[in-house]
Structure formats: C-alpha cells, structure tokens
Amino acid sequence: MHHTDPHSFYDETQPSAKQLRLKLDVDFKTKRIEGEVVLVFGRPVSGLLDLDTNGLEIRGVQVPGTGEIAWTMDDPVAILGQRLRLDLPEATEEVTISYRTGPEAMALQWLDPQQTVGKTAPFLFSQCQQIHARTLLPCQDTPLVRMAYQAEVGVPEGLTAVMSAGPVGDEATDGGRHVFRFSMPQPIPSYLLALAVGRLESRELGPRARVWAEPETVDAAAWEFADVENMILKAEDIFGPYPWERYDMLVLPPSFPFGGMENPRMTFLTPTLLAGDRSLVDVVTHELAHSWTGNLVTNASMEHFWLNEGFTVWAERRILRTLQGDDAATLSWALGQKALEDGLAEFKDEPQLTVLRMHLEGIAPDDAFSSIPYEKGARLVAALEREVGEYKFLHFIRDYMDAFRFTSITTEQFCAFANDKLPGALAAVDAHAYLDLPGMPATAPTFRSAQLETLIALAASWSQGARPGADQSASWSPKELQVFLQKLPRQLTPADVAWLDEHLHLMNRGNHEILVEWLTLAAAADYEPAFFRIREVLQRVGRMKYLRALYSALGLHARTRALAREIFATAGAGYHGLSRRSVRSLIDGYPA
Ligand code: BES
Ligand code: ZN
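The text that follows walks through the structure, step by step, so that each part is easy to find. (Residues numbered from 1 in each chain as written. Chains lettered and ligands numbered in written order. Predicted model: local features only at pLDDT ≥ 70, side-chain atom pairs only at ≥ 80, totals over all residues. Heavy atoms only, no water.)

1. A word on the sheet that holds strand β10 (residues 160-163)
- The antiparallel open sheet is built from four strands, whose spatial order is β7-β8-β13-β10. Every interior strand has two partners, whereas the edge strands, β7 (108-111) and β10, have only one. Ignoring which end each strand starts from, the neighbouring axes of this sheet average 10° apart.
- As defined by bridge partners, strand β8 (residues 123-126) adjoins strand β13 (residues 195-198) across two bridges and the pair is classed as antiparallel. The residue bridging L124 from the neighbouring strand is V197, located in β13. (Pairing = 2+ DSSP bridges. Helix = DSSP H or I, 4+ residues; strand = E, 2+ residues; numbered from the N terminus. Axes fitted to C-alpha atoms, helices over the stretch in contact; angles between N-to-C directions.)

Written out as structure tokens, the structure reads:
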C-alpha cells in the first residue's frame, strides 16, 4: 500500500478517478442529500479501489455491464473516517455509488430560515477543505487526485443552487422541484468541490465576475466588491492569464466559518466583509490569488499546505502593493506578523507544527491549522523574491505555474524546481530553517515604514499615558486603526477601553476586524458596557477566527467566563460544526 497523504485511504497503486458525474437531491426536511456519484476512470481498470467516506450511508454500487457489485465499509478510524473498499471487475471504466449523507456531515451546514438574512427560506452550504468532502460523497479525498466534474442538483422550487463549477442550465421538474446543472471541465482536487443552495440573486461586476447573495444583501455585496476586475488584471500581471474563465463569488449567511474559501469559479465569502467601505476586500484578493496558487498548482497533502497558503498570502500583498501602494502592503505584513507571533505562541509546546514541511501522520488537519503556514510561508517566498530580485522572481513564478499547472506537488518538488531555476537561492535564504526548523529564522525579511513605526511607538507608549490626538486618529485608514489596536497592550483597564470607544468610535464599526479587535480588548478588560455588543456578535457571526478571539478573551475573568458559557449555550446550536467544536474546546479549557 502507498499512502503519500496521511489523511486519506487513497492508495497510489490503485486507479484514480479522472471525472465525477454527480446527482444530488437536497432535502431540507431530513437535512440529508440523496446522492449518486459515478467515478469515471478514463481507461479500463480492475481490482481494489479504496475510497474515503465519513458518515455516509451506502445504498449500492454498480458497474455497467456487471450490475451490482459487493462492497465493504470498514469501521471508523480516528481522523480519517471509514474506508469503502470496492473490488472492480475486469475492464471497469466507471462505477456508480448510490448513497445518502449522514446527519452530522461536517462538510455541510443546514440553516433554518431564521439563520439567514431574509428569514424566509432555508440555506445549505458546503465547506470541504481540508478533509470533509468524504462526508458529502465517497471519493478519493486527497489533493493527489484531480477530477473534472458534472453535477445535477435538485432543490425545492424558489431556491437556487451554485457550485464550484460553471452553470449549464436549469429547469423546473415535477413535484415542485428545480434542477440545476453544472460542469467543471478542469480537473480539481476533492477539497474544492462546493455547493450552496438558498434564496439567491446575483449582480454583474464585470466581464467575468458576478456576485451572488441573498436578495437583501446582494446590492451591498456588489458595491463592496465592485473593483474585482481590476484585481483580476493585477493578479494576471503576476501569474499569467486567469485559468478558470469566470471568477464569481457567493456571500454566505453569517455562520460561514471562514473569511473566504477559494472554491474555483465560485469563491465563498463571509458577510462580515461587507464593511460598507471596501476596507476588507483583501480577503477577495487572497481567494482570487488561490486561483493560481492552490487551485492551479496544489499542495500534494496538508503536509505541504504552505505551498497553497504561503504563496497566496505573498501574492495577496503583492497585488495590494500595486493597487494601494507600499504603505498599505507594509501594514498588511505587520498584521500578519502579529498573527504569526500568536500562532508561534499557541504552538510553543508543539514546535513540530511550526515548521512548513509538516509531518501529520495521526494528527487531524484542523489541529495543525494555524497562521504559521500562511505567514512563515509568505516570508519564505518574500525572502526568495528579495534574494533574486523582483524581476527574476516574477519570471520564476510564471515558470512555476507553467511547470506544475493542474498538478498537486510536494515541498520537495518545489525545492527541486527552485534549485534548478534559481540556483543557490534556497540556500542563500536558509530555506531549510523555514521548511524544517521550528520558529522563525533570524534572517527572515522584515517590513517597515515610517507610518508603521509611528503606530507601533504610539501603541507601545500607551501605558506611559500616550494617546493618539484627535486629528491624528481621524486621518487613519481602517488598516492603520487595526494595527494600532493590535499593538496595544493586551490587558487594558476598563477606563482605557472606554477612552478608546469614546475617541475612536469602535462599538458600532461595520469593519469586523476592527470591531472584534476592540471587543476582544473590552472582554479582556471585563468592560461591562461592551457585553451586549459581544453577545450580539457571538450570536450573529460564526466565523471561527472571531469566535476564537472573543471566547479566548472572555476566559480571563469569572464574570466574562459566565457570559461566554451563557452565550454559547444559546448561540452554539447555530454555529457550524467546526466552529462549535473549536469554541467548545476553548470553553472546556477555561480555569474552573
Ligand atoms: N483556504 C483557506 C480557508 C481554509 C483553510 C479552509 C483551511 C479550511 C481549511 C482560505 O483561502 C483562507 O485562507 N481564508 C482566510 C482568509 C485570509 C487569510 C485572507 C480566512 O478565512 O480567514
Ligand atoms: Zn488561503
């Protein structure tokens, strides 16, 4: 057996699916999907085929010409789920599996109408990264396998389905149902399969982009993301022509557990990006950049996740620099530095999870997740860029995209390629220290500007009584304010946080990065006037990053711990399974 990916039963000596044909019937009453998936091999194959599943109910397995074939489902294994083993007869070209999703499918969140903005219709969305596609369908759930796909999705009349694919028509059918058809002609890894169903409308944003959202938010979304074509053009300047034809986006209900997810042709976004001033569009830049780094050139497994995220963060800030200038990009690097330091502190007792080339046998992807592959990875890429010069590096990136397009690669493959094209560069930046040693190398690139130094100095002297003047803070961009708040001492007094709200008007910010940073300070200061707003955010928003920040800060005082427990008791049911699990473990870790 050959398992290169520690998070999958995929065996490299077995045939791999080249294409999927999916039929999904979405049932909001039972909160299940009735599914049929055809795995197409593109050539005659035979013998054992091990698939990943988790919580699926298998109804039957058929091979054309043979009929029903036998299958065995193993007992669940921690992290991986259940292996479904088929034994394919001679000359099998495709195999059909009928199944139903389980009640706890981690890839799916079923929302009641109350959890949507419109409150009139239910909503369903998927989130397959890292290893949850196996709760949506039986498949080779590893990025080592890439598949094109076609899908037919049946939903109740009045609702719209979107997928990480191009739409190819829809029609009403009998019994008040509507069928939507999709095609993704390019081969993608399973973690990029995506589906959402709800009351949706769209707005055109440009020649190749539109945004989908609930009717109540679609105009705000169209305004917030109006500049996307310009972003695509800037990304193409770095990486070459956009490879996926269309770049559409979907704004989800607020329980979506991430900021964004780079599902090809349909980026999924949290509605907390709708700040009303376009100040949070960096997340779109990030997901767009994944169109190349991640979706076109993909990590071979989660052990090489930095190839996806490190390159994408680097690209995001490079695009930001061309759109908004050096100072804005430097501020983003500073925010990233804070995330990196927090990540390193969080994993101080697990230094093996602070290297870029990870060893994850027996470790759940969710437990290994942190800002480190993002920020340490981006710094390695930036170090290489500084070492060889911008111009040469741009050519290197283009060559890298060409050499590995539509493939999934390891850190070793990247290094071999870099050594070939940029001889000596990896050694010169001490890549080994990033890839295989914990913490940050002392030689890592730093990002400075006069503006950043001013903000850092001001925040650092808070305890000595320094305060930003009114005209000073009035001229701050949202990002400058965010940096200032992040650099403040973590343990402020209630009087300090009151001062901040009075002078910087934080309580009613639409920018959730600023709002949550401030509420985190308020929670840590046991500042009662902010409790109603903390409650409001924790009841409305399910984005894990914000939940983790707030519930952690609430753990510092007896009164705020009680508040956290009380909020979680009612709000927890509305969180996505991933968010709920993550918050529960934080609360369980509170001092008694
Ligand atoms: N692909 C990630 C989200 C993800 C990672 C989902 C791992 C599941 C497992 C996405 O591109 C991402 O990084 N999103 C960030 C946005 C960002 C860094 C600007 C997020 O959600 O906060
Ligand atoms: Zn990302």
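What follows picks up the thread again.
2. Description of the nonpolar core
- If you look at the biggest cluster of nonpolar residues, it comprises 148 residues, and the most contacted ones within it are F225 and F414.
- Leave out the neighbours within four places in its chain, and F225 touches L205, V211, M249, V251, L269, L273, L274, V281 and V284.
- Membership of the second largest hydrophobic core comes to 54 residues, among which are V483, M507, Y546 and L550. (Core = buried A, V, L, I, M, F, W, Y, C linked by side-chain atoms within 4.5 Å. Buried < 20%, exposed > 50% of the residue type's maximum accessible area, 1.4 Å probe, protein only. Contact = heavy atoms within 4.5 Å.)

3. Thoughts on the packing of aromatic side chains
- One pass over the structure, following the stated rule, counts 30 aromatic pairs.
- Taken together, a centroid distance of 5.3 Å and an interplanar angle of 35° make the contact between F311 and Y400 tilted. Placement of the pair is F311 in helix α4 (residues 305-324) and Y400 in helix α8 (residues 390-404), with a sequence separation of 89 residues. Here F311 matches Y400 in class, with each residue buried.
- Judged by centre distance (5.4 Å) and plane angle (70°), the ring pair of Y400 and F414 falls under edge-to-face. Of this pair, Y400 sits in helix α8 while F414 sits in helix α9 (residues 411-421), placing them 14 residues apart in sequence.
- Residue Y400 is classed as buried on the basis of its relative accessible area of 1%.
- Residue placement shows R278 over the ring face of W223; its charged tip is 3.8 Å from the ring centre.
- Above the ring of W462, the side-chain terminus of R467 is found at 3.5 Å from the ring centroid. (Phe/Tyr/Trp six-rings, centres within 6.5 Å; stacked < 30°, edge-to-face > 60°. Lys NZ or Arg CZ within 6 Å of the ring centre and 35° of its normal.)

4. Remarks on the coordination of the zinc ion (ligand 2)
- Protein coordination at the zinc ion (ligand 2) comes from H286 (NE2), H290 (NE2), E309 (OE) and E309 (OE), with a distance range of 2.0 to 2.7 Å.
- Considering all six donor atoms around the zinc ion (ligand 2), angles at the metal cover 53 to 159° and the coordination shape is irregular.
- Counting along the primary sequence, the residues that act as donors to the zinc ion (ligand 2) give the motif H-x3-H-x18-E. Taken together, the residues H286 in helix α3 (residues 282-289) and E309 in helix α4 connect sequence positions 23 residues apart. E309 matches H286 in its accessibility class, with the two residues each being buried. (Donors = N, O, S within 2.8 Å, 3.2 Å for Na, K, Ca; no water. Tetrahedral: all angles 85-135°; square planar, octahedral: opposite > 155°, others 65-115°.)

5. Here's the deal with the sheet that holds strand β16 (residues 248-251)
- Spatially, the five strands line up as an open sheet ordered β14-β15-β16-β18-β17, and their pairing is mixed. With one partner strand each, in any of the chains shown, β14 (201-206) and β17 (260-261) form the two edges of the open sheet.
- Here two bridges tie strand β15 (residues 209-213) to β16, and the two strands are oriented parallel to one another. Looking at the pairing, W212 lines up with L250 of β16.

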